[in-house]
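# Analysis of the macromolecular model
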Amino acid sequence: FPVTIIRNKVSLYPNTKFLCREHYDIIVELAKGKNTALEFGPGATTLALIEAEVKTIHSCEYNEDWLNHYQEVFSKYPQVSIHKFANEPTIRVTPVIYNRYNIAIVDSPVGDGTREKLRGQENLSRFNTLVAACKRSPIVILHDANREGEIASLEALKILGHSVEVISTERGLAIIRR
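Quick summary incoming for the structure in this document. (Residues numbered from 1 in each chain as written. Predicted model: local features only at pLDDT ≥ 70, side-chain atom pairs only at ≥ 80, totals over all residues. Heavy atoms only, no water.)

### Considering helix α4 (residues 127-136)
Burial of α4 is extensive: seven of the 10 residues sit out of reach of the surface. For α4, every residue scored as buried is listed here: F127, N128, T129, L130, A132, A133 and C134. Looking at the buried residues of α4, the elements they touch are β4 (36-40), β6 (80-86), β8 (103-106), β9 (139-143), α5 (148-159) and β11 (173-177). (Buried < 20%, exposed > 50% of the residue type's maximum accessible area, 1.4 Å probe, protein only. Helix = DSSP H or I, 4+ residues; strand = E, 2+ residues; numbered from the N terminus. Contact = heavy atoms within 4.5 Å.)

### Here's the deal with the pairing of strand β5 (residues 56-61)
The side chains of a regular strand alternate, first on one face of the sheet and then on the other. When you tally the buried positions in β5, you get five out of six residues, the bulk of the element. Note on the crossover from β4 through helix α2 (residues 44-51) to β5: the handedness is right-handed. Where β5 meets β6, five bridges bridge the pair, whose relative direction is parallel. What sits directly across from S59, in β6, is I82. (Right-handed = clockwise from strand over helix to strand, strands pointing away. Pairing = 2+ DSSP bridges.)

### Digging into the pattern of salt bridges
As a working rule, side chains carrying opposite charge can pair if their charged atoms are close by. Using the criterion set out here, one finds 11 salt bridges in the structure. Between E29 and K32 there is a salt bridge whose closest N-O contact spans 3.5 Å. Here E29 falls in the exposed class, since its relative accessible area comes to 52%. We classify K32 as partly exposed; its relative accessible area is 45%. (Salt bridge = Lys/Arg side-chain N within 4 Å of Asp/Glu carboxyl O.)

Take a look at the structure:
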């Protein structure tokens, strides 16, 4: 696998965003022994799921360019399938995916200042994919949990009855349980 490690950060290949090694290792540890994983936002997190030996990984992407790119990147890994989702307030994935997974990871849609503000979720970031993941998995991992929109989304999930543990790192990693 073409992995790049620079200053304790993991990437699949040059010129892509990195996942800090601490987050990568936490994901591997939480995913060990799991049979199925749902992921919004393929990349280094997908590599962590592969390393954890998850048997079936359904990774979802909404950006057509990244979708095609990751379909190519992970084409040699039969346990990984890349699916398209519509970045709307309620997530729709094509083709239809499982109703239940052992673990889920949310690192999409884009959550920084360039993010699309969805109707009814203007102050929230990644809330649409978080809700979709929480409906399908008892454990959900959120990357970039220290950003304002993600913090607001985590507070909304708490109101809905989910427990949230935020691991204090530079970018933040949250573990959500129902």
